[in-house]
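# An overview of the molecular structure
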Amino acid sequence: MLRIVTDGAADLPAGWEEEFDIQIVPINIHFGEETFLQYVEMDLDAFYKKIDSGSVFPKTSQPSPHQFIEFYKTIAEEGDTILSIHVTSKLSGTYASAVAAAADLEDKYNIFPFDSAGGSLGIAFMCRTARQLERAGKSVEEILARLEKMREQIQVILTLDNLEYAKRSGRVGTLSAALASILNVKPIALLKDGVLDMVERVRTRKTSLERVLQMGKEAFGDQPVNLGVVHARDPESAASLLEEAKKQFNYQGAFHSDLSVSLAINLGPGTVGLVLCPAE
């Protein structure tokens with residue numbers, strides 16, 4: 001039996017968790033001295049209400065190796081194969097925790113931790129592909145080979161509503177002091193090679209959304225893609241972006257999802273993004 005595991009940085013469209021039998025190990029959300037397990041003790045609505053009602057800036061931490069060990073024991077039976085696909089190791093210690101847990105449990109399960117070098121819907125596309133390949137009779141080795149190819153091709157292009165959260169989190173690369181001081185610009189961030197970098201900045205929301213589409217088009221042209229849109233508390237902008245993306249791309253499937261807590265904390269409410277993955 002192949003168990004597919006990911007973490008709270010994967011933005012799964014509604015229904016994928018059940019349809020593709022994907023297990024999610026929760027991240028830890030910290031508000032001062034209070035700690036909550038994502039999706040278990042705090043969902044997105046509760047997260048944003050907590051932000052609105054208090055002055056404590058939230059933080060997240062990766063699941064510990066112990067948390068992974070207990071999670072694997074809960075979702076798998078001895079002898080099972082576990083494919084554990086996680087957020088980029090350059091921004092989080094989640095993958096390292098999975099590797100440590102896999103070493104501890106190597107006599108019970110066949111665990112394959114995989115560094116996605118990405119996040120958000122990019123991980124979701126990987127998890128879905130892994131399950132589809134498994135159902136088509138492919139081996140774990142064949143699945144990993146496909147995921148390695150996807151890792152090089154997936155694009156995650158995000159536009160932030162402002163820079164306040166990025167300044168506080170310190171997780172976004174190339175965020176210069178000069179840029180950070182201009183809080184009214186609309187930055188564009190690219191998640192590539194495992195790193196989230198601010199690559200451009202524009203003055204208006206409309207221009208930033210147009211630029212996100214343009215960057216995606218420059219990368220993929222007319223080749224068939226699966227496209228996705230994610231957002232943090234801005235469903236209107238996300239819906240508009242998705243409709244425009246459908247007009248511009250040769251898409252095989254179009255999906256949308258809320259931006260996970262782990263990314264929303266680092267990028268802030270109002271973040272909207274386009275995720276592109278070549279269609280096989």
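Everything here concerns the structure above.
Right, let's walk through the structure included here. Quantities reported herein were computed from a predicted structural model and do not represent experimental measurements. (Residues numbered from 1 in each chain as written. Predicted model: local features only at pLDDT ≥ 70, side-chain atom pairs only at ≥ 80, totals over all residues. Heavy atoms only, no water.)

## Re the nonpolar core
- One finds Ile29, Phe47, Leu83, Ile85 and Leu147 to be the most contacted residues of the largest nonpolar core, which totals 59 residues.
- Per-element accounting of this core gives the leading share, 8 residues, to helix H5 (residues 121-135).
- Within the second largest apolar cluster, 19 residues are counted, among which are Leu190, Val225, Val229 and Leu276. (Core = buried A, V, L, I, M, F, W, Y, C linked by side-chain atoms within 4.5 Å. Buried < 20%, exposed > 50% of the residue type's maximum accessible area, 1.4 Å probe, protein only. Helix = DSSP H or I, 4+ residues; strand = E, 2+ residues; numbered from the N terminus.)

## Thoughts on the layout of surface pockets
- Taken as a whole, the largest pocket holds about 340 Å³ of empty space.
- Forming the walls of the largest pocket are 17 residues, and the residues nearest its centre are Leu12, Pro13, Ala14, Tyr39 and Ser257.
- Each residue belonging to the lining of the largest pocket can be placed in one class, and the counts come to 9 nonpolar, 4 polar and 4 charged. (1 Å grid on protein atoms, 1.4 Å probe; cavity = no way out; pocket = protein on both sides within 12 Å on 5 of 7 lines; lining within 4 Å. Points joined across faces, edges and corners; volume = space filled by probe spheres on them. Nonpolar A, V, L, I, M, F, W, Y, C, P; charged D, E, K, R; others polar.)

## Observations regarding the sheet that holds strand E9 (residues 186-192)
- In spatial order, the strands read E10-E9-E8-E13-E11-E12; together these 6 strands make up an open sheet with mixed pairing. Because the sheet does not close on itself, it has two edges, and the strands there are strand E10 (195-202) and strand E12 (251-258). On average, each strand axis in the sheet is tilted by 20° relative to the strand beside it, whichever way the strands run.
- In terms of strand pairing, strand E8 (residues 155-159) meets strand E13 (residues 272-278) through 5 bridges, oriented antiparallel. Bridging across to E13, isoleucine 157 finds its partner in leucine 274.
- On the sheet, H5 packs against strand E11 (225-231), E12 and E13 and is oriented at approximately 135° with respect to E11. (Pairing = 2+ DSSP bridges. Axes fitted to C-alpha atoms, helices over the stretch in contact; angles between N-to-C directions. Contact = heavy atoms within 4.5 Å.)

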